[in-house]
Amino acid sequence: MLFSQDHDEPRRILQKFIQSDINPHVDEWENAGIFPAHELFKKLGELGFLGLNKPVEYGGQGLDYSYALMMAEELGAINCGAVPMAIGVQTDMATPALARFGSDELRKEFLAPSIAGDYVACIGVSEPGAGSDVASIKTTAKSDGDDYVISGGKMWITNGTQADWICLLCNTGEGPVHRNKSLICVPMKSKGVTIARKLDKLGMRSSDTAQIYFDEVRVPKRNRIGEEGKGFTYQMVQFQEERLWGAAACLKAHEKTIQNTIEYTRGRKAFGKPLLDNQVIHFRLAELQTEVELLRSLVYRAAEALVAGEDVTQLATMAKLKAGRLGREIPDACLQFWGGMGFMNETLVSRSYRDSRLTAIGGGADEVMLGILCKMNGTLPGKT
């Protein structure tokens, strides 16, 4: 069983924090197009939620992955997708490789303050010409004595305008594309780092997303995570936690969308009876709730395997694929039942419609997930 009584108290504390310190401010943050990451992350750090499964010697709780997954699921109770995503970048996207492969010195410098909430982190993989195709990135880090000199650019970087450091994937050699990359911790205040612009997005409005340029940025080689040339491999490992996180974070969010729709259609009358009394509506909502519960079972199974030390590439990929599909299906179906009100920005269902669309794109598009699964199944042409 994935969860035990030991999960109950941190779950209760997080639920209370979301209701007291996050949800009352979400509308304000959404309208502003940004939330105070340093302020919020510091509070989460003080509560111990930014390092649940990180090493205790760097301020983490030293717990297994089930606690991180519990947190991801509870974040779905936040009344938007942007703030959970920003938190997930800090805990499960920018820091797992550092925690797992970084030197003690590097973890003291970047991981410990990120766990404490003193630093905001971001992950730099995607580029204008290389999103899901990670192997095609062009950003380079050329060797110069004891330093790397980094040039290039990154796109769609969550937390990008507020981050203190970026976990940057770049080319550090001329060899094969899967063996010429490294992950490097780069302070965002380094000379030559430029935040080109804060991007204007369809959804995830309260999360700041940036385009970033690197113009001969000099960082010491000791800032490299693990071995040179292993960055692609490290990032693929890191992706498994990111994809599981993304699937888990949408569970309660979708349940909330369905429940809000039940409440609205029960109170809204058309042609002399509640909308919910129409079989097409209550049957459809029952189907959608079933889909969420099936996804939860898949996510929990993958998490149990991860805790047991198993390779979860296939299960995490399946969970991410299904989450992406439901991220389109559930908000779209529910919005339809809200009618004209569903098209209004004042309703949470419209925010869910915008925010959830990213699930099928970020962290690897649906089509990439299908390609991975077909390769593992031996059905991808030319890859048998």
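Just above, that's the structure.
Below: a short report on this structure. Predicted, not measured: the structure shown is a model, and the values here were computed from it.

With respect to the overall build of the protein chain
Here's step 1: What the protein chain contains, in helices and strands, is 13 helices and 10 strands.
Here's step 2: Over its C-alpha trace the protein chain gives a radius of gyration of 21 Å, about what one expects of a compact globule, namely 21 Å for 384 residues.
Here's step 3: Projecting the C-alpha coordinates of the protein chain onto the three principal axes gives extents of approximately 80 × 50 × 45 Å.
Here's step 4: Split into buried and exposed, the 384 residues of the protein chain put 53% on the buried side.
Here's step 5: A sequence separation of at least 24 residues applies to 74% of the contacts in the protein chain between residues at least 6 apart.
Here's step 6: Charged side chains of the protein chain number 44 positive and 48 negative; the gap between the two group centres comes to 4 Å.

Describing the environment of T233
Here's step 1: Looking at the secondary structure, you find T233 in helix α8 (residues 231–249).
Here's step 2: Between the C-alpha atoms of T233 and H178, which are 55 residues apart in sequence, the distance is 7.5 Å.

Topic: unusual backbone geometry
Here's step 1: At N159, a residue that is not glycine, the phi angle is positive and equals roughly 70°.
Here's step 2: Relative to the helices and strands, N159 is located in the loop between β3 (147–158) and β4 (165–171).
Here's step 3: Overall, N159 belongs to the buried group, its relative accessible area being 0%.

Side note on the environment of L380
Here's step 1: Relative to the helices and strands, L380 is located in the segment after α13 (366–377).
Here's step 2: On the accessibility criterion, L380 (25% relative accessible area) is partly exposed.
Here's step 3: Separated by 138 residues in sequence, L380 and E242 have C-alpha atoms that sit 24 Å apart.
Here's step 4: Once residues lying within four places of it in the same chain are set aside, the contact partners of L380 are G371, C374 and K375.

Concerning the pairing of strand β2 (residues 140–144)
Here's step 1: Strand direction decides the pairing type here: β2 and β3, joined by 5 bridges, are antiparallel. Each bridged residue has a counterpart across the sheet, and for A141 the counterpart in β3 is I150.

Here's the deal with the pattern of salt bridges
Here's step 1: Scanning all chains against the criterion turns up 25 salt bridges.
Here's step 2: Among the ionic pairs, E74 bridges to R11, the shortest N-O distance being 2.8 Å. Placement of the pair is E74 in helix α4 (residues 65–74) and R11 in helix α1 (residues 8–22), with a sequence separation of 63 residues.
Here's step 3: One salt-bridge network, held together by shared partners, links E73, E255, E293 and R296.

Notes on the side chain of T172
Here's step 1: For T172, the location among the structural elements is in the loop between β4 and β5 (181–187).
Here's step 2: Polar side-chain contacts of T172 include one of 2.7 Å to the side chain of S182.
Here's step 3: Residues contacting T172, with those up to four places away along its chain left out, are A141, Y148, N180, K181, S182, I184, E228 and G229.

Procedures and definitions
- Residues numbered from 1 in each chain as written.
- Predicted model: local features only at pLDDT ≥ 70, side-chain atom pairs only at ≥ 80, totals over all residues.
- Heavy atoms only, no water.
- Helix = DSSP H or I, 4+ residues; strand = E, 2+ residues; numbered from the N terminus.
- Rg over C-alpha atoms; globule rule 2.2 N^0.38 Å.
- Buried < 20%, exposed > 50% of the residue type's maximum accessible area, 1.4 Å probe, protein only.
- Contact = heavy atoms within 4.5 Å.
- Lys, Arg positive; Asp, Glu negative; His and termini not counted.
- Charge placed at Lys NZ, Arg CZ, Asp CG, Glu CD.
- Pairing = 2+ DSSP bridges.
- Salt bridge = Lys/Arg side-chain N within 4 Å of Asp/Glu carboxyl O.
- Polar contact = N/O pair within 3.5 Å; in protein donor to acceptor, adjacent residues only side chain to side chain.

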